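Here is what each chain is made of, one letter per residue.
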Amino acid sequence: MQWRTLTRRSTAVALATGGLLGLGASGALAATGSTVYGGGSTFQTNAQNTIWLPSWTSALSPKPTIKYGAGGSGTRAAFGTTNGVLDPTFNNASNPDKPTDTLYGYIGTDAAPNTTALGLARNASGNVRLLTIPVAQAPVTALVSLPADCAVTGAVNLPNSVLSKAFAGTYTTWTDLLSGAGITPTGAGCGVAVKRVVRSNTSGTSFAFRNFLNQVDTATWASFANDGTSWPGPADTVSADGSTALSSGSLLSGYVKKTPGTIGFADLSDAVAGGYTATATLQAATSNRIAFASLQNNGTTVAGATFASPQAASATTGNCATDVGSLPRWQGAPDSGTADWSNVLASDPNVKGFTGQNFYPACAVTYDLAWADYTTGNLAAAYTKNGATAAGVQATVKDYLGYVTSDAGQTAINTASYTKLPAQIAKTAQSAVAGIGGPVVVPPVDTPVDPPVVTPPVVTPPVVTPPVVTPPVVAPKVAKFALSVAKPKSVKRGASLSFKVTVRNSGAGASAASVLTVTPPKGVRVGSGKAGKAVKIKIAAIKAGGSKVITVKLKTAKSTKKSTKVTLGLAGGGLKASGSLALKLK
């Protein structure tokens, strides 16, 4: 379709869908796309092949062909993120339709490249930036396959500390694991050893799951908060089914399902497709019960634990946080596709304590990697082969990812065991896609005649000496603490108490949101946090002269010193202050 035949209305529609026609290095509009091969994240397999690609209505004519194959998030190395060299042949088995000399048009990954990897990719491309485009989020489920003749009733609720120990290889038998979770099983078969089942390849799903476990128990998981294939504890993990490597979530969930006594993980979409539900269900062929676990979402203390299912109430949507303010690691998300997204996490063991909402704690963000311009540097030759052109590949990728990140694409994915992106993150993703190939310029289709050249008159402005203005002195915003103990000042060691903190804004203007950090002494726990560990409490904006009252709950230990002190610090939103509360314990 030639652009001069487009009406203004059809051009506007094309822009709204995020597609339009890709721009080459010369700025000319590419009229048609080229066949594109995508690959990588198995987390995205169902999203790509059963949701987005079938529902994508392209603004290009004819509609180009896109084929996506899942080979794991490590496929990002094809873009030079590990060694600075483009590799068209990398991981070709993940997409058997792709010619061996053709570079992926875009790559799915759940482990976003860091600053170093982005630099290597830029070297590989010949100084073209690599874009990291968030496209969806989804729960990572813990898959439970109980031993034969070992039954539980209803949901399998796993406290976070129990989940961490299970995947660290701590538990000897299923009796130990279930007892640690406060579950009383029936049947004589629960004495079977717990077998961990993990991915055989570098995996973004592993990256997300291990980062969640790192949030639960940093001491055990700090060196494993990556997408590698090694795991802590004894070497008893299973990563292959005979001669078949467990290189995807669907293969892993299938192995766990047919193998009693195993525990594994996969994204919710693969778990649902594999027949797992929130309730332990008997498998007739193997006499074992399987389920995806509900995980603790209010910290790591087993006593008083609350649990959330990975499925939302609709049972077709992932139960992930839907706004940036719901998770601390969402709040740090960059506002550009060229930035480092590797520290962004959609998981938090205490998401309920942070927001009060019953979200699932172990969710993952998944991304598509694309180039800022396919027609320059080393990319022009890499994509101009086998009947494709660099401009055509660029047009196809831009049009398709424009749909994926659009409101329509996000609505479609929200009903397939995934969760759409928070609005702020989706806006950043849409902006990144819109920038592929340079700024989009829509020519005037109704009046294609070039306008006459008009030479403006030369006007010499008068010289004006601006008056010297002394800006008024504005008093800074200042926060003032007022502390009061709601219970008697003297309490027994080992008991609980609470006190109120009043945060007052005595400044001249309203503040933005701020964070109150409560740091307890050794042996004292704030809320459901760990003993002696600081807890951050988010405080909404406070208008000038206004105040907020926060109730802080403490749990002391019998070993706590008789005289001790809790320190407090406020930062952000234009407010900054500190304070403390002295405790006298019996």
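Quick caveat, the model's predicted, so the values are computed rather than measured.

A. Quick look at the overall build of the chain. Secondary structure assignment for the chain yields 15 helices and 23 strands. When burial is assessed residue by residue, the chain has 49% of its 586 residues classed as buried. Here the contacts in the chain between residues at least 6 apart in sequence split such that 72% fall between residues at least 24 apart. For the chain, the exposed area adds up to about 25,000 Å²; of that, 56% sits on carbon and sulfur atoms.

B. Geometry of the sheet that holds strand β5 (residues 157-158). The mixed open sheet is built from three strands, whose spatial order is β5-β12-β13. Two strands in the sheet have a free side with no partner beyond their single neighbour: β5 and β13 (307-308).

C. Broad picture of empty space enclosed by the protein. On inspection of all chains with the given rule, the structure shows three cavities of 30 Å³ or more. Lining the largest cavity are 14 residues, with Asp 110, Phe 207, Val 344, Leu 345 and Val 365 sitting closest to its centre. Of all the secondary-structure elements, those providing two or more residues to the lining of the largest cavity are α6 (204-216) and β14 (363-371). When its residues are assigned to classes, the lining of the largest cavity shows 11 nonpolar, two polar and one charged.

D. Local environment of the packing of aromatic side chains. Here the structure, examined in full by the defined rule, presents 14 aromatic pairs. On the basis of an interplanar angle of 65° and a centroid distance of 5.2 Å, the ring pair of Trp 56 and Tyr 400 is categorised as edge-to-face. You can see Trp 56 sitting in the loop between α2 (45-55) and β2 (66-70) and its partner Tyr 400 sitting in helix α13 (residues 390-405), a full 344 residues away along the chain. Here the two residues Trp 56 and Tyr 400 agree in accessibility, since each one is buried. Both rings, one in Trp 341 and one in Tyr 367, keep their centres 6.0 Å apart while their planes meet at 65°; by these two values the pair is edge-to-face. You can see Trp 341 sitting in the loop between α10 (328-331) and α11 (351-355) and its partner Tyr 367 sitting in strand β14, a full 26 residues away along the chain. Neither Trp 341 nor Tyr 367 differs from the other in exposure class; each is buried. An aromatic cluster is defined as three or more aromatic residues linked by ring pairs; in this entry it consists of Phe 167, Phe 209, Trp 221, Phe 224, Trp 231 and Phe 265. Residue placement shows Lys 98 over the ring face of Tyr 104; its charged tip is 4.9 Å from the ring centre. Lying over the aromatic face of Trp 231, Arg 210 brings its terminal NZ or CZ to 4.5 Å of the ring centre.

E. Inspection of the sheet that holds strand β18 (residues 514-519) at higher detail. Taken in spatial order, the five strands of this open sheet run β16-β23-β22-β18-β20, and their pairing is mixed. On the outer flanks of this sheet lie β16 (490-491) and β20 (535-539), each paired with one strand and no other.

F. Main features of helix α15 (residues 423-434). Here α15 is 12 residues long and its end C-alpha atoms lie 16 Å apart, about the 16 Å a rise of 1.5 Å per residue gives. Buried residues along α15 sit against β4 (130-145), α10 and α13.

G. Focus on the environment of Ser 547. Relative to the helices and strands, Ser 547 is located in strand β21 (residues 547-555). Take Ser 547: its relative accessible area is 35%, and that puts it in the partly exposed class. Each C-alpha atom of the pair Ser 547 and Val 503 lies 5.4 Å from the other, and the pair is 44 residues apart in sequence. With residues near it in sequence (within four places) discarded, Ser 547 still touches Thr 502, Val 503, Arg 504 and Ile 542.

H. Region of the structure containing the state of the cysteines. Taken as a whole and judged by the stated rule, the model has two disulfides. Bridging Cys 150 to Cys 190, the disulfide has an S-S length of 2.0 Å. Because the sign of the S-S torsion sets the handedness, a value of about 100° for the bond joining Cys 150 and Cys 190 places this disulfide among the right-handed ones. Remark: Cys 190 occurs in the loop between α5 (174-180) and β6 (195-196) and Cys 150 occurs in the loop between β4 and β5; sequence separation between them is 40 residues. Here Cys 150 and Cys 190 have matching classes, each one buried. With a sulfur-sulfur separation of 2.2 Å, Cys 320 is cross-linked through a disulfide to Cys 363.

I. Examining the side chain of Asn 46 more closely. Residue position: Asn 46 is located in helix α2. On the accessibility criterion, Asn 46 (19% relative accessible area) is buried. Apart from the residues lying within four places of it in its own chain, the contact partners of Asn 46 are Ile 51, Ser 269, Asp 270 and Tyr 418.

J. Focus on the pattern of salt bridges. As enumerated under the stated definition, the model contains four salt bridges in all. Asp 97 serves as the salt-bridge partner of Lys 67, at 3.9 Å between the closest nitrogen and oxygen. Taken as a pair, Lys 67 in strand β2 and Asp 97 in the loop between β2 and β3 (106-109) lie far apart in primary sequence, 30 residues in all. The class of Lys 67 is partly exposed, set by a relative accessible area of 35%. For the salt bridge of Lys 258 with Asp 241, the shortest nitrogen-to-oxygen distance reads 2.8 Å. Of the two residues, Lys 258 is situated in helix α8 (residues 249-258) and Asp 241 in strand β7 (residues 240-241); the sequence distance between them amounts to 17 residues. On the accessibility criterion, Asp 241 (27% relative accessible area) is partly exposed.

K. Examining helix α4 (residues 160-167) more closely. Counting buried residues in α4 gives seven out of eight residues, a clear majority hidden from the surface. If you check which residues of α4 are buried, you get Asn 160, Ser 161, Val 162, Leu 163, Ser 164, Ala 166 and Phe 167. Residue Gly 169 follows α4 closely and has a positive phi angle near 80°.

L. Highlighting the confidence of the model for the chain. For the chain, the average pLDDT comes to 84, and 84% of its residues sit at 70 or higher. Note on residues 440-464: pLDDT is under 50 here. Beyond four places in sequence and across chains, it has 21 contacts. Low pLDDT, under 50, characterises residues 466-477; the predicted model gives this stretch 10 contacts beyond four residues in sequence or across chains.

Scoring rules and cut-offs
- Residues numbered from 1 in each chain as written.
- Predicted model: local features only at pLDDT ≥ 70, side-chain atom pairs only at ≥ 80, totals over all residues.
- Heavy atoms only, no water.
- Helix = DSSP H or I, 4+ residues; strand = E, 2+ residues; numbered from the N terminus.
- Buried < 20%, exposed > 50% of the residue type's maximum accessible area, 1.4 Å probe, protein only.
- Contact = heavy atoms within 4.5 Å.
- Areas by Shrake-Rupley, 256 points an atom, 1.4 Å probe, with all protein chains shown as cover.
- Pairing = 2+ DSSP bridges.
- 1 Å grid on protein atoms, 1.4 Å probe; cavity = no way out; pocket = protein on both sides within 12 Å on 5 of 7 lines; lining within 4 Å.
- Points joined across faces, edges and corners; volume = space filled by probe spheres on them.
- Nonpolar A, V, L, I, M, F, W, Y, C, P; charged D, E, K, R; others polar.
- Phe/Tyr/Trp six-rings, centres within 6.5 Å; stacked < 30°, edge-to-face > 60°.
- Lys NZ or Arg CZ within 6 Å of the ring centre and 35° of its normal.
- Expected span 1.5 Å × (residues − 1).
- Disulfide = S-S within 2.5 Å.
- Salt bridge = Lys/Arg side-chain N within 4 Å of Asp/Glu carboxyl O.
- pLDDT = per-residue confidence, 0-100.

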